[in-house]
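Report on the structure
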Amino acid sequence: MTTSSAVVSTDMFEMLSPVLYVSRIFCLQPLKWTKMNYGYVITKSAAYTAYSNVVIVFFVVASICGLSQVYQLEVVYLIRMANSTERYVTFSDVSVVLFPSFFGVLMTTFKIDNYIDYYNQLRKIDTLLQKNPPKSKKYRVVLVTTVFFTAVILIFDFVLWVQLTCPYGGILSIVASYLPYYTCYCFTVVMELVYWQFVHTIKTKIMLLNNTLREAIEDCSVDNFMRIDRKKINNVVDTLKIHDLKKQNKPIKKTPNLQQIGDLICAYETLTEAANSVNDCYGLVILIVILGCLIHLLVTPYALYGLVLNTGDRMFIVSQSIWMFGHVLRLLLIVEPCHGCLIEQANTSALICRLMCMEMDKQVKKSLKFFFLCLSQRKIEFTAFGLTKINRELLTGIAGAVTTYLVILFQFN
């Protein structure tokens, strides 16, 4: 059920805010937020939605016009458009930058309700777990690292092409021709950052749930340990442990009750709904982005091959090598948080199995069995429009596809 607004805690907003601000600048989250005493209220913004549509149309049109002028220059034409194969490669390279950026912003306009649902689900999970998210600098570190690396490679590539084409045109016209295209590439990178944030936040929530289960296991272990009859204790180590517990005078916590287990089940169910919201928001978009990375990893080595034959310039060779490394990092930005969620979910199943082995009320054990059944039937998965699951197996599949098609491309041209 969709709502028009969402409420998040102040701590949660502080973690999400770096990517929120950057994504709004790049037209990917047309939301507005208002600070309240109890947190932040996030709502849809018609003004930012209109801004997003106008800006992306402008940059896509400007990119097409600018690149059309650049490719008419003789030096660029010989490098990128000399034969039919190179024209096809160049067209593919440009298309997988412009189309994802345009389509991603367009989908944001239609899927804005799913964004609101996602933030509401985060709030519900925090209420059920009764734990604030741990303060982490990872959001800022990933954002700064990604922005820095993207800026370095774009500036490096931009300077090389400007130096090559500057003798054939004015510096201002060359800059105006290239700048919109590089901006569209930034749109796609920020899109991947937003996806990383969505998935990584779900991962942190699963970790909070697992920490609650670990605390329950520790409480059950202490509770069961203190029930041992002293006459049956023959181990000196056990005796010292009991003496130490009494000396510390710590309260002995009880085993988890039905209400606590029920809250954990509801929290996990909400996590699956949050994952479904992410798939609804970004399933088709992330599929296009992944296909774009695949095409980039195909055409960049071929472009490098063409540059070596036509120019032999070492700087261009370094530039294309950095591009290939950057495309691999983009794939990791998508895949790694999804794989991390799978690992944490597997830890959840293992912790529940351990908890079921403890001595506790029969009704609580039944609830744990139901929880385990939910884990097996309602898994947290991230897919690219339902066509492929996003995990590390995707990397091996892409590596195999790239290797196969590169052999065909180089051998048969």
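Preceding block: the structure.
Residue indices follow the written sequence of each chain, beginning from 1 at its first position. Only residues with pLDDT of at least 70 are given local features in this predicted model, and only at 80 or more are side-chain atom pairs given and counted; all residues enter the totals for whole chains, interfaces and linings. For the side-chain quantities, the full set of heavy atoms in the structure was used; hydrogens and water were omitted.

Time to look at the packing of aromatic side chains. The geometry of an aromatic ring pair comes down to the distance between the two centres and the angle between the two planes. Two aromatic rings, drawn from Phe, Tyr or Trp (for Trp, its six-membered ring), form a pair once their centres lie within 6.5 Å of each other, and the interplanar angle then sorts them: stacked below 30 degrees, edge-to-face above 60, tilted otherwise. If you walk through the whole model with that rule in mind, you get 22 aromatic pairs. Both rings, one in Tyr 21 and one in Trp 33, keep their centres 5.2 Å apart while their planes meet at 90 degrees; by these two values the pair is edge-to-face. Here Trp 33 lies in strand 2 (residues 31–36) and Tyr 21 lies in helix 1 (residues 10–25), a separation of twelve residues in the sequence. We call a residue buried when its accessible area falls under 20% of the maximum for its residue type, exposed when it is over 50%, and partly exposed in between, using a 1.4 Å probe and counting protein chains only. Classification of Tyr 21 as partly exposed rests on a relative accessible area of 40%. Among the residues examined, Trp 33 registers a relative accessible area of 14% and is labelled buried. Taking 5.3 Å as the distance between ring centres and 75 degrees as the angle between the ring planes, the aromatic pair formed by Phe 58 and Phe 59 counts as edge-to-face. Phe 58 gets classed as exposed once you look at its relative accessible area, which sits at 53%. Here the aromatic residues Tyr 115, Tyr 118, Tyr 119, Tyr 195, Phe 198 and Tyr 282 are joined through ring pairs into a cluster of three or more. A run of H or I in DSSP counts as a helix once it spans at least four residues, and a run of E counts as a strand once it spans at least two, with each numbered from the N terminus.

This part covers unusual backbone geometry. Leave glycine aside and you will find that most residues have negative phi; peptide bonds, for their part, are mostly trans. If you check the backbone angles, Cys 27 has positive phi at about 70 degrees while not being a glycine. Phi angles above zero are rare outside glycine, and Phe 385 is one such case at about 60 degrees.

Bringing the packing of helix 1 against helix 6 (residues 138–165) into the picture now. All axes are obtained by fitting lines to C-alpha atoms, using only the stretch in contact for helices, and the reported angles, taken between N-to-C directions, cover 0 to 180 degrees. Between helix 1 and helix 6, the shortest axis-to-axis distance is 8 Å and the interhelical angle comes to 25 degrees. With respect to each other, helix 1 and helix 6 are oriented roughly parallel. Counted together, Glu 14, Met 15, Leu 16, Ser 17, Pro 18, Val 19 and Val 22 of helix 1 and Tyr 139, Arg 140 and Leu 143 of helix 6 form the full contact between these two elements. Residue polarity follows a fixed list, in which Ala, Val, Leu, Ile, Met, Phe, Trp, Tyr, Cys and Pro are nonpolar, Asp, Glu, Lys and Arg are charged, and the others, Gly among them, are polar. Across the contact of helix 1 with helix 6, the residue classes tally to seven nonpolar, one polar and two charged. Here the angle decides the label: under 35 degrees means roughly parallel, over 145 means roughly antiparallel, 65 to 115 means roughly perpendicular, and every other value means oblique. In what follows, residue pairs with any heavy atoms lying within 4.5 Å of each other are defined as contacts.

Right, let's talk about the pairing of strand 2 for a bit. The criterion for strand pairing is that DSSP finds at least two bridges linking the strands in question. Across six bridges, the pairing between strand 2 and strand 3 (residues 39–44) is antiparallel. Note that in strand 3 the partner of Lys 35 across the bridge is Tyr 40. Here strand 2 folds back onto strand 3 in antiparallel fashion, the turn holding two residues.

For the rest of this paragraph, the subject is a nonpolar patch on the surface. The residues that make up patches have over 30% relative accessible area and no salt bridge, and they are joined within 9 Å when like-charged or within 5 Å when they are Val, Leu, Ile, Met, Phe, Trp or Tyr. Note on areas: Shrake-Rupley, 1.4 Å probe, and residue coverage restricted to the protein chains presented here. A carboxyl oxygen of Asp or Glu within 4 Å of a side-chain nitrogen of Lys or Arg is what we treat as a salt bridge. A cluster of nonpolar side chains, Val 57, Val 61, Phe 102, Leu 106 and Phe 110, forms an exposed patch at the surface whose accessible area comes to about 440 Å². At the level of elements, helix 2 (46–70) and helix 4 (84–110) are the ones that each hand at least two residues to the nonpolar patch. Considering each element in turn, the nonpolar patch owes the most residues, three residues, to helix 4. Mapping Val 57 onto the fold places it in helix 2.

Okay, the environment of Gly 262 next. Within the fold, Gly 262 resides in helix 9 (residues 258–310). For the pair Gly 262 and Ser 367, spaced 105 residues apart in the sequence, the C-alpha separation amounts to 7.4 Å.

Further remarks concern the sheet that holds strand 3. Pairing within the open sheet is antiparallel, and its three strands lie in the order 1-3-2. One side of each edge strand has no neighbouring strand; the edge strands of this open sheet are strand 1 (5–8) and strand 2. Averaged over all adjacent pairs, the angle separating strand axes in this sheet is 25 degrees, with direction ignored. The pairing of strand 1 with strand 3 spans four bridges and is classified as antiparallel. Paired with Ala 6 across the two strands is Ile 42, which belongs to strand 3. The strands touched by helix 1 within the sheet are strand 1, strand 2 and strand 3, with strand 2 carrying the most contacts at an inclination of about 150 degrees. On the sheet, helix 5 (residues 112–129) packs against strand 1, strand 2 and strand 3 and is oriented at approximately 30 degrees with respect to strand 1.

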